[in-house]
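This is what each chain is made of:
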Amino acid sequence: MSRILCLSGILLCFYTSQAQSDPDLSGTVSDREGQPLTGITVLIQGTTRGDATDAQGGFTIAGLRSGTYLLEVSGIGYKTEVVSVDHPGKDPVRISLQEDVRQLQDVIVVGNTDAAKIKSTGLNVSVIDVEQYQDMNLDINQLLGVTSGINLRESGGLGSSFQLSLNGLSGNQVRYFVDGIPMEFFGSALSLNNLPANMLRSIEVYKGVVPVELASDALGGSINVITADPREEFLDLSYSFGSFNTHRASAIAQTQTKNGIFFRLSSFFNHSDNNYWMDDVPVTDELGNVTSTDRVRRFHDDYTSGSISLKTGLVDKAFANELSGQFIYAGNRNNIQHPDVSINRVFGGLNSRNSSWLGGVTWRKSWNTISLQSNILAGRVNEVIYDTLSRRYNWYQEYKDLSADNAGEYYGQRSVFHIDDDILRANLLAQYSLARGHELSLNLAHNQLRRNGFDEINENNNAFTFPNELNKDIVAFSYNFTSNNKKWQASAFAKKYFFRARINAEEYIEGSYQNVETRADMSNTGYGITGSYLVRPELTAKLSYEKAYRLPEPDEILGDGMFVTPNPQLTPESSHNINAGILLNKYVRGNKLNTEINAFYRPAQDFIRFVNDRGIYGSYYNVSNVRIIGVETSGYYKISNKYLVGLNLTYQSITDRTEFYEGLENTNYGQKIPNTPYFFWNARFGYNHVLRNSSRLSFTWTASYVHSFFLYWENLGYRGDKNRIPTQFTHDLDINYSFADGKYSASLAARNIFDARAYDNFNIQKPGRAFYLKIRYNLNTN
């Protein structure tokens, strides 16, 4: 690790000595009536250097040498202009664009939308521009973790299970999408903490109310990750290494032929030993009684994953704006150190291996007033759990042989347990423009999963021997309105949910275990409205409401074959999601100020929650009604495109509102839900300096705070004896150097730089101080 620090120090000293500031080129873009235009692209002709206009039509291109430049200014619905500019000039650059009536009639954008357009709606949404972070040593979860309203819950290092808490709702209550396609049932090798940021362009985070375009049964919100447009041409290679023997690599390439055929190859590889130190781990005697605690290293927590994906198709044809096919393979191996809910049970051989084989087809087509988008995806996800050691381990890597020769570490008998999920997903989105400012949308979505299982060596393990099947269908419809002056935006929508399941589970009946088949058939109706009003050019007020439902997931209702047991009696959970907020985006003396404040209210019924009621085992139950009230704020202040100060803060109160439980008065009524943080924030301080020869040096300091919260119910027992998850305050530092117009870059990351103790879900300790170095090559040929 000293070599990493030494190399980084040499780079910093050498390139800082070349520092020489050049002035920024700034200006505004408006229409012929003088109204500012948002989302307009301003590029120096023949290069990729440029900016997109903000809500006031402003743009800034940092660090340009004196001279005359040709600016290419373009945007959907406007004629492209090429403007000659002398830099630096006496007056600010002012550019006026003329509407292209023909383009306005012919183009309806489906899928990727620019950040400004999304944030101007009544939805409570954050949009992360991933491209500005791609040089840094961050995965997608780490990017999301510094977004307002999001708290990242992890049970360890790289590859560990995680939950994203979104305005108080977490886990399966949050849905994930790739380019609008649901990621449900994709397998553990394709979860967000595996995907490198280099594969994406932006991330849309919808909190509470989810748009019809993402037809889903999300209760708490959804996250839509956006990949590159098929018309782009680029090559992106990166490799990072660092603490705990961590290695991460990615390679993404895309090209397009003259006749409109494109090819995209994407791949990644991740590995970490995850052998970080843990404090206060239990030391047990021969009978399993805890006698003391000690500081030890994790020793059986290795994680390896990888994926390769090929996407190819046609763009800009008479029969399709895009017709493409994609094949994905992903796999991982995960050594399991302990259950996610406890460190008192230690494993030394238990592991799981996952493989996902997926294939899909996408078709998009736009006419004058109609646009259609269709996706179909099918594949198989296989999970194998290996429990073949007849041993009982402790944290010192010591073990004793179990008395029964065929006993396993986890199961009563040694086991090689296979779980096979066959998945099918289909979606059709139609949008129709009635007139300018009036649009109808219809989305039909079908999700199907069939699960089977067998055990190679344990004939008594009959889980999933009989087939299980889940079917979810969603019909969503919306009417969208935008006023002529674009000050008012509103939407009304309805969603119909259908859920059908065939569940086979063993039950103990009359002295023996017998298979019992249960069938479920449910339907629910959701609805909602959103609205926004442009109070002033820089100030937008937003309001949204949705009666939302969330249908049970496979692992919740069927079990996962390990720590989660089946519960065929699960029913959908529901919530009234209410959001209100204001968005401010303006320039203050040439500096950019962006801030947003949102309040949210979520009374949820039939809340689905995991209860570990059998030691390390547990099930999901409809345990209670829950009320969530909170406020979040986010903002940043950018000074001369060099300095940035940002803050995200969330306070939420999540309380049990179930008055009676199984006919008895609920003693926890009105109490905060345990094992859930309620106050957290992060602050970011950045410095960006343009050097000679289009090179750039940046520093980013991130501080993250999570206030202490109770692991179990606060009202039970003596306050001083309660198990609390302590307050956590960690600091990260990122140093990045890029040159040759961003083609080459090197980045040093220091995580938890002061080696603070950090704990998370179920009080599981997270890694301490760590260092990583990333190098990247990025060639954009557009």
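Structure: above.
What counts as what
- Residues numbered from 1 in each chain as written.
- Predicted model: local features only at pLDDT ≥ 70, side-chain atom pairs only at ≥ 80, totals over all residues.
- Heavy atoms only, no water.
- Helix = DSSP H or I, 4+ residues; strand = E, 2+ residues; numbered from the N terminus.
- Rg over C-alpha atoms; globule rule 2.2 N^0.38 Å.
- Buried < 20%, exposed > 50% of the residue type's maximum accessible area, 1.4 Å probe, protein only.
- Contact = heavy atoms within 4.5 Å.
- Areas by Shrake-Rupley, 256 points an atom, 1.4 Å probe, with all protein chains shown as cover.
- Lys, Arg positive; Asp, Glu negative; His and termini not counted.
- Charge placed at Lys NZ, Arg CZ, Asp CG, Glu CD.
- Core = buried A, V, L, I, M, F, W, Y, C linked by side-chain atoms within 4.5 Å.
- Patch = residues over 30% accessible without salt bridge, like charges linked within 9 Å, V, L, I, M, F, W, Y side chains within 5 Å.
- Salt bridge = Lys/Arg side-chain N within 4 Å of Asp/Glu carboxyl O.
- Pairing = 2+ DSSP bridges.
- Axes fitted to C-alpha atoms, helices over the stretch in contact; angles between N-to-C directions.
- Phe/Tyr/Trp six-rings, centres within 6.5 Å; stacked < 30°, edge-to-face > 60°.

> Lay out the overall build of the chain in plain terms, naming residues and giving numbers.
Broken down by element type, the chain carries five helices and 44 strands. Against the globule reference of 28 Å for 782 residues, the chain gives a C-alpha radius of gyration of 27 Å, in line with a compact fold. In terms of overall dimensions, the chain has C-alpha extents of about 85 × 60 × 55 Å along its principal axes. The buried share of the chain, taken over its 782 residues, is 52%. Long-range contacts, defined as pairs at least 24 residues apart, comprise 65% of the intrachain contacts of the chain with a sequence gap of at least 6. A total of about 34300 Å² of accessible surface is found on the chain, and carbon and sulfur atoms cover 54% of it. For the chain, the centre of its 73 positive side-chain charges and the centre of its 81 negative side-chain charges are spaced 6 Å apart.

> Give a detailed account of the nonpolar core, specifying residues and quantitative values.
Ranked by size, the top nonpolar core spans 65 residues in total, and within it L144, L164, L192, I203, I223, F499 and M562 carry the most contacts. When sequence neighbours within four positions are dropped, the list of residues in contact with M562 reads I336, L350, I385, Y410, Y411 and Y617. Among the nonpolar cores identified, the runner-up in size contains 17 residues, and I61, Y69, V73 and I95 belong to it.

> Summarise a nonpolar patch on the surface; cite the residues concerned and give the values.
A cluster of nonpolar residues, L428, L442, L444, V475, F477 and F498, forms a patch on the protein surface that exposes about 440 Å² of accessible area. At the level of secondary structure, the elements contributing two or more residues to the nonpolar patch comprise β27 (438–455) and β28 (468–482).

> Could you give an account of the pattern of salt bridges, with specific residues and numbers?
The final tally for this structure, using the stated rule, is 31 salt bridges. Put simply, R175 and D217 hold a salt bridge, and the shortest N to O gap is 2.9 Å. One end of the pair, R175, is in strand β11 (residues 174–178); the other, D217, is in the loop between β13 (202–207) and β14 (221–226), with 42 residues separating them in the sequence. By relative accessible area, which is 1% here, D217 ends up buried. For E546, the salt bridge is made with K495, and the minimal N-O distance between the two is 3.0 Å. Taken together, the residues E546 in strand β31 (residues 539–550) and K495 in strand β29 (residues 488–509) connect sequence positions 51 residues apart. Each of R175, E184, D217, K472 and E553 takes part in one network of salt bridges that share partners.

> An account of the environment of T291 is needed here, citing residue identities and associated values.
By the element assignment, T291 lies in strand β19 (residues 290–297). Distance from T291 to Y276, taken between C-alpha atoms, is 23 Å for residues 15 residues apart in sequence. Residue contacts for T291: discarding those within four places in its chain leaves V283, T284 and D285.

> Lay out the sheet that holds strand β1 (residues 25–31) with the relevant residues and their values.
The strand order β4-β1-β7 describes an open sheet built from three strands, whose pairing is mixed. Looking at the sheet topology across the chains shown, the edges are occupied by β4 (58–61) and β7 (93–97). Sheet twist, expressed as the average angle between the axes of neighbouring strands with direction ignored, equals 30°. Pairing of β1 with β7, which is carried by five bridges, proceeds in the parallel orientation. Bridge pairing in β7 links D31 to L97.

> Before we move on, could you go through the packing of aromatic side chains and cite the residues and values that matter?
According to the stated counting rule, one finds 24 aromatic pairs in the structure shown. Pairing Y643 with Y687 gives two aromatic rings, centres 5.2 Å apart and planes at 45°, and the pair type is tilted. Of this pair, Y643 sits in strand β35 (residues 643–656) while Y687 sits in strand β38 (residues 679–690); the two residues are 44 residues apart in sequence, bridging distant segments of the chain. Overall, the relative accessible area of 43% leaves Y643 in the partly exposed class. By relative accessible area, Y687 is classed as partly exposed at 27%. Measuring from centroid to centroid gives 5.6 Å for W681 and Y705, while their planes differ by 15°, and the two rings are stacked.

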